[in-house]
Amino acid sequence: MNLSKMLLLLLLVSASQLLFAQSSGRLTGTVTDRSTLRPIAGATVALSGGAAGSTDSLGRFTFSNLDFGSYTLTVTAIGYTENKLYNLVITSGNEATALVELEPQKQQLAGVTVTTNRRTAQAATLESPLSVQRLTAEEIRSNPGGNFDISRVIQTLPGVGGTSGSVGSFRNDIVIRGGAPNENVFYLDGIEVPVINHFATQGSAGGPTGILNVSFIEDVKLNTSAFEARHDNALSSVFQFRQKTGNPNRVQGNFRLSATEVAATFEGPITKERTTFLASARRSYLQFLFQAIDLPIRPNYWDFQFKVTHRLSEKATLTFLGVGAIDEFSFAEPKTATPEKLYVLNSNPSIDQWSYTVGAALRQQLNNGYLSVTLSRNMLDNQLNKFENNRLPSEAERVLRVQSQEVENKLRVEVNKNFSGWRVAYGVMGQLVDYNNTTFNRLRKEILDENGQVVQPAVTINFTSPLKALFVTAVLYRRESGFLRNAWALVPACVRMATRLPMMARTSQKPCRHAFRFLLYLRQNGP
């Protein structure tokens, strides 16, 4: 027996021992105040099936010796609105975790009750009362045909359209009420992520398959109207992806193998009670599948994702996160070189694309509120190459070369406070943006006669984008919400200042724009 067979046998024996040794599951979690991020001690937590308990001084709870299956978690506390998490799946091997945020209880307004069969988390708040939907991680996993792809599952929500059905399920462009795909904004734990799909068309977030790992996601919140003032550049919708925190008790993970890709996810503690991590990597093998069925295209991609959470103190938490992708779309000569396949081979450019977003977020608890500071950087590099013969590329026969880069550096500072029933949020955002593009495109080749005279001159496009500049944008916003004698009031305000700083030109300044809104929600019986 050689070494590889011995290792395989050892792995199977270890896996079987682990499977039989674990006959019950475990659930741990934390309960916090949504307004202040403080842990809630003494909250009552109950699972469907009879198990119940309460949180400790740090807002943590634990359920052990659970039978495998799906549970509903109900969390209640004095002075807070009840919150339920549905479809918490307990399995062998990994320890399930849950982060529950409770909303301070308000005076309820009289009104009609609308019920639905969709059992999901409550999403509407006073700041975002309309067109708010939320998906949990388990709903994404169990969605028929979703293939663990968050972008594809989102397209099944009411009011959300896409292009997957119109182009053979090829792209994940998200269309909200007829808006363009690039009018949506995506936030990952408060950090903006412009690219969430592989092989994305530059300027649009759509692509054939998603980048984000569903094993990282706690829930997804979608706002299709009534955006909060702090969300910058949102025209159609705002997506807020909330990630889990790594398991603080032990190292665990999962391995997923599908028809097109393989993925591995791991989580656990780095230092006891202070630092946890989540990390994943995914690799496709579509190029081998397409080679087996004799297609000339060879798509190939990698993606990576991580999150590290460190508790600086009982009131301060520092989080580092990142997500990146490497995409390659090349061509190879098929075994059966039909004219149709040769046409595909020579009429399309090869694509080399990579992107990443990295960031750090600091959250500090304050008296009756919290401070949030986020710093992030994202970059997209997109290269296209095409030759007269893509099978045997030669620089003399180059038809197209495009190299385009987008870089954004963003800083956001936000303060949330509560005063006598009023919730006040204010903050400032700034960003430095750099864009450059180098393009060569030969539209027509030069033709010479037998004497070497030019019969038809070449026509080419060769330029470097003049938009290589730094853009500085600052946004100051303020939002207030609270109770005004039989009425709820929401007062958002935003002042935006944009300054363009070219690399080799004098400074210019655009005029400020002011936007103030006042929304008043009266009780049904009037003042």
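Per chain, the residues get numbers from 1 upward, laid out in the order the sequence is written. Note on the predicted model: pLDDT of at least 70 is required for a residue's local features to be given, and 80 or more for side-chain atom pairs to be given and counted; whole-chain, interface and lining totals, by contrast, use all residues. Processing note: side-chain calculations cover all non-hydrogen atoms of the structure and skip hydrogens and water entirely.

Digging into the overall build of the protein
Line of reasoning, step 1. Secondary structure counts use DSSP, requiring at least four H or I residues in a row for a helix and at least two E residues in a row for a strand, with both numbered from the N terminus. Along the backbone of the protein there are five helices and 31 strands.
Line of reasoning, step 2. Looking at the protein residue by residue over its 527 residues, the buried ones come to 44%.
Line of reasoning, step 3. Note on contacts: a residue pair is in contact if any heavy atoms of the two residues lie within 4.5 Å. If you take every contact in the protein between residues at least 6 apart in sequence, the share linking residues at least 24 apart comes to 60%.
Line of reasoning, step 4. Carbon and sulfur atoms provide 58% of the accessible area of the protein, an area that totals close to 27,300 Å². Only protein chains enter the calculation, and the probe is 1.4 Å; a residue is then buried if its accessible area is under 20% of its type maximum, exposed if over 50%, and partly exposed in between. Method for areas: the Shrake-Rupley scheme with a 1.4 Å probe, in which residue coverage is limited to the protein chains shown.

Overview of the packing of aromatic side chains
Line of reasoning, step 1. A pair of aromatic rings is counted whenever rings of Phe, Tyr or Trp (Trp by its six-membered ring) have centres within 6.5 Å, and the orientation is called stacked for planes under 30 degrees apart, edge-to-face for over 60 and tilted otherwise. Per the stated rule, a full pass over the model turns up nine aromatic pairs.
Line of reasoning, step 2. Ring centres of Phe-186 and Phe-241 lie 6.5 Å apart, and the angle between their planes is 25°; this geometry places the pair in the stacked category. Taken together, the positions of Phe-186 in strand 11 (residues 184-188) and Phe-241 in strand 14 (residues 237-243) put the pair 55 residues apart, joining distant regions of the chain. Pair check on accessibility: Phe-186 and Phe-241 agree, each one buried.
Line of reasoning, step 3. Centroid distance Phe-199 to Tyr-301: 6.4 Å. Interplanar angle 85°. Geometry classified as edge-to-face. On the criterion of sequence distance, the pair formed by Phe-199 in the loop between strand 12 (191-192) and strand 13 (217-223) and Tyr-301 in strand 18 (residues 297-311) is long-range, its members being 102 residues apart.

Description of the nonpolar core
Line of reasoning, step 1. Within this scheme, the nonpolar core is defined by two criteria: the residues are buried Ala, Val, Leu, Ile, Met, Phe, Trp, Tyr or Cys, and they are joined through side-chain atoms within 4.5 Å. Counting residues in each nonpolar core, the largest one holds 28 residues, and the members touching the most others are Ile-150, Ile-154, Val-220, Phe-239 and Phe-241.
Line of reasoning, step 2. Among the elements of the structure, helix 3 (150-154), strand 10 (174-176), strand 11, strand 13, strand 14 and strand 19 (316-331) are those that each provide at least two residues to this core.
Line of reasoning, step 3. Those residues in contact with Ile-150 that sit more than four places away from it in its chain are Ile-140, Leu-212, Val-214, Ile-217, Val-220 and Phe-241.

Side note on the pairing of strand 5 (residues 69-76)
Along any regular strand, the residues point their side chains to alternate faces of the sheet.
Line of reasoning, step 1. Here a strand pair is declared whenever DSSP counts at least two bridges between the two strands. Of the strand pairs in this sheet, strand 2 (residues 44-47) and strand 5 are connected by four bridges, and their pairing is antiparallel. Among the inter-strand pairings, Val-45 is bridged to a residue of strand 5, identified as Val-75.
Line of reasoning, step 2. Bridge count for strand 5 against strand 6 (residues 83-90) is six bridges, and the pairing is antiparallel. Paired with Gly-69 across the bridge in strand 6 is Ile-90.

Observations concerning the sheet that holds strand 7 (residues 96-102)
Line of reasoning, step 1. Pairing is mixed across the open sheet formed by three strands, whose spatial order is 4-1-7. Only two strands of the sheet have a single neighbouring strand rather than two, namely strand 4 (60-66) and strand 7. On average, adjacent strands in this sheet sit at an angle of 20° to one another, irrespective of strand direction.
Line of reasoning, step 2. Bridge analysis of strand 1 (residues 25-33) against strand 7 gives seven bridges, and the strand direction is parallel. Looking across to strand 7, one finds that Gly-29 is bridged to Ala-98. The axes used here are C-alpha line fits, helices contributing only the stretch in contact, and every angle between their N-to-C directions lies in the interval 0 to 180 degrees.

Details of unusual backbone geometry
Line of reasoning, step 1. With phi around 55°, Asp-189 is a residue other than glycine that occupies positive phi space.
Line of reasoning, step 2. Structurally, the position occupied by Asp-189 is in the loop between strand 11 and strand 12.
Line of reasoning, step 3. Within the chain, Asn-368 stands out as a residue other than glycine whose phi angle is a positive 60°.
Line of reasoning, step 4. By the secondary structure assignment, Asn-368 is in the loop between strand 20 (350-366) and strand 21 (369-387).

Some remarks on the sheet that holds strand 5
Line of reasoning, step 1. Taken together, four strands build an open sheet; the order of strands is 3-2-5-6 and the sheet is antiparallel. In this open sheet, the two strands that pair with only one neighbour each are strand 3 (52-54) and strand 6. Direction aside, neighbouring strands of the sheet carry axes that sit 25° apart on average.
Line of reasoning, step 2. Both strand 2 and strand 3 contribute to a ladder of three bridges, which runs antiparallel. Pairing of Ala-46 across the sheet is with Ala-52, part of strand 3.

Concerning the pattern of salt bridges
Line of reasoning, step 1. A pair is scored as a salt bridge if a Lys or Arg side-chain nitrogen falls within 4 Å of a carboxyl oxygen belonging to Asp or Glu. Counted according to the given criterion, the structure contains 17 salt bridges.
Line of reasoning, step 2. Across the pair Glu-273 and Arg-60 runs a salt bridge whose closest N-O atoms are separated by 2.9 Å. Residue Glu-273 is found in the loop between strand 16 (261-271) and strand 17 (275-284), and its partner Arg-60 is found in strand 4; the two are separated by 213 residues along the sequence.
Line of reasoning, step 3. Judged by its relative accessible area of 43%, Glu-273 is partly exposed.
Line of reasoning, step 4. What makes Arg-60 partly exposed here is its relative accessible area of 33%.
Line of reasoning, step 5. Lys-410 is paired through a salt bridge with Glu-192; the nearest N and O atoms lie 2.5 Å apart. You can see Lys-410 sitting in strand 22 (residues 398-419) and its partner Glu-192 sitting in strand 12, a full 218 residues away along the chain. The two residues Lys-410 and Glu-192 agree in class, both being buried.
Line of reasoning, step 6. Bridged by salt links that share partners, the residues Arg-256, Glu-261, Arg-282 and Asp-303 form one connected network.

Focus on the pairing of strand 22
Line of reasoning, step 1. For strand 21 and strand 22, the ladder comprises 19 bridges, and the chain directions are antiparallel. Each residue of the ladder has a partner; that of Val-373, found in strand 22, is Val-413.
Line of reasoning, step 2. Relative to strand 23 (residues 422-444), strand 22 runs antiparallel, the two being bridged by 20 bridges. Bridging from a neighbouring strand, Leu-400 pairs with Asn-441 of strand 23.

Some words on the side chain of Thr-32
Line of reasoning, step 1. Here Thr-32 shows up in strand 1.
Line of reasoning, step 2. Beyond its immediate stretch of four places on either side in the chain, Thr-32 contacts Leu-37, Arg-38, Pro-39, Ile-40, Leu-99, Val-100, Glu-101 and Leu-102.

Thoughts on the environment of Val-153
Line of reasoning, step 1. Position of Val-153 relative to the elements: it lies in helix 3.
Line of reasoning, step 2. C-alpha of Val-153 to C-alpha of Asn-172: the two residues are 19 residues apart in sequence and 9.5 Å apart in space.

Here's the deal with the confidence of the model for the protein
Line of reasoning, step 1. Think of pLDDT as the predictor's per-residue confidence, scored from 0 to 100. Taken as a whole, the protein shows an average pLDDT of 78; of its residues, 76% reach a score of 70 or greater.
Line of reasoning, step 2. Note that pLDDT drops below 50 for residues 3-21; the model gives that stretch two contacts with residues more than four away or on any other chain.
Line of reasoning, step 3. Note on residues 498-527: pLDDT is under 50 here. Beyond four places in sequence and across chains, it has 60 contacts.

Quick look at the side chain of Asp-303
Line of reasoning, step 1. Looking at the secondary structure, you find Asp-303 in strand 18.
Line of reasoning, step 2. Judged by relative accessible area, Asp-303 falls into the buried class, the value being 4%.
Line of reasoning, step 3. For the purposes of these results, a polar contact is taken to be a pair of N or O atoms within 3.5 Å, where, inside protein, one atom must be able to donate a hydrogen and its partner to accept one; residues adjacent in sequence count only when each atom of the pair is a side-chain atom. Of note is the side chain of Asp-303, whose polar atom sits 2.8 Å from the side chain of His-198.
Line of reasoning, step 4. A distance of 2.6 Å separates polar atoms of two side chains, one belonging to Asp-303 and the other to Arg-282.
Line of reasoning, step 5. When sequence neighbours within four positions are dropped, the list of residues in contact with Asp-303 reads His-198, Gly-210, Ile-211, Ser-280, Ala-281, Arg-282, Gly-324 and Ala-325.

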